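Commentary on secondary and tertiary structure
In case you want the letters, here they are:
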Amino acid sequence: RALWPALEDMGYPFGPLMMLLLITGQRRGEVAKMRWADLDIERGVWTLPSESTKAGRAHAVPLSPLAIGIIKGLPRFAGAFVFTSGAGVRPVSGFGRAKDRIDELSGVKDWRLHDLRRTAASGMARLGIVGDTLAACSTMPARA
């Protein structure tokens, strides 16, 4: 809860990127390499190609209305990447500095970016999402 206002204050690219980390529970590298072509906003699905995932398998990530709203509000550049510091040509980098800025803005210390993924999983478990369904949120196979 303490991080969200800091993420709003950060702005693009790291504020919305970190929000999507928390909302989707996906890995930092997967969100950082998100491509416009992999998003189906109408269906509310983000399809990660196999080369973008740690497991080496494509999977589909359902996008909540909150996630879709964040994505729709992002600037669009000529390049492929959603989160970029190079006009979409390359994915964003500089996570260490961004994390330091979040710490400064939020006053929250002693946490890691991967904690956002764990927090998402914990929140889903509190909502009653359990076992295989919870595990499937990060490994849902992509539709052909």
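Here, every reference points to the structure presented above.
Not measured: the values here are computed from a predicted model.

Glancing now at the sheet that holds strand β2 (residues 45-48). The strand order across the open sheet formed by three strands is β1-β2-β3, and the pairing between neighbours is antiparallel. Of all the strands in the sheet, the pair left with one neighbour each is β1 (39-40) and β3 (59-62). In the sheet, β1 pairs with β2 via two bridges, with the strands oriented antiparallel. Note on β2: the bridge partner recorded for Asp 40 is Val 45.

Turning our eyes to something else, we now look at the pattern of salt bridges. For side chains of opposite charge, pairing can occur when their charged atoms come near one another. Per the stated rule, a full pass over the model turns up four salt bridges. With a shortest N-O distance of 3.6 Å, Glu 30 and Arg 27 are connected by a salt bridge. With a relative accessible area of 26%, Arg 27 lands in the partly exposed category. Between Arg 43 and Asp 40 there is a salt bridge, with its nearest N and O atoms 3.5 Å apart. Judged by its relative accessible area of 26%, Asp 40 falls in the partly exposed class.

This paragraph deals with the nonpolar core. Of all hydrophobic cores here, the largest spans 32 residues; its most connected members are Leu 17, Met 18, Leu 20, Leu 39, Trp 46, Phe 83 and Phe 95. Among the elements that make up this core, the one with the highest residue count is helix α2 (residues 14-24) (six residues). If near-sequence neighbours (up to four positions away) are discounted, Phe 95 is found in contact with Phe 14, Leu 17, Met 18, Arg 28, Ala 32 and Leu 113.

Basis of the calculations
Residues numbered from 1 in each chain as written. Predicted model: local features only at pLDDT ≥ 70, side-chain atom pairs only at ≥ 80, totals over all residues. Heavy atoms only, no water. Pairing = 2+ DSSP bridges. Helix = DSSP H or I, 4+ residues; strand = E, 2+ residues; numbered from the N terminus. Salt bridge = Lys/Arg side-chain N within 4 Å of Asp/Glu carboxyl O. Buried < 20%, exposed > 50% of the residue type's maximum accessible area, 1.4 Å probe, protein only. Core = buried A, V, L, I, M, F, W, Y, C linked by side-chain atoms within 4.5 Å. Contact = heavy atoms within 4.5 Å.

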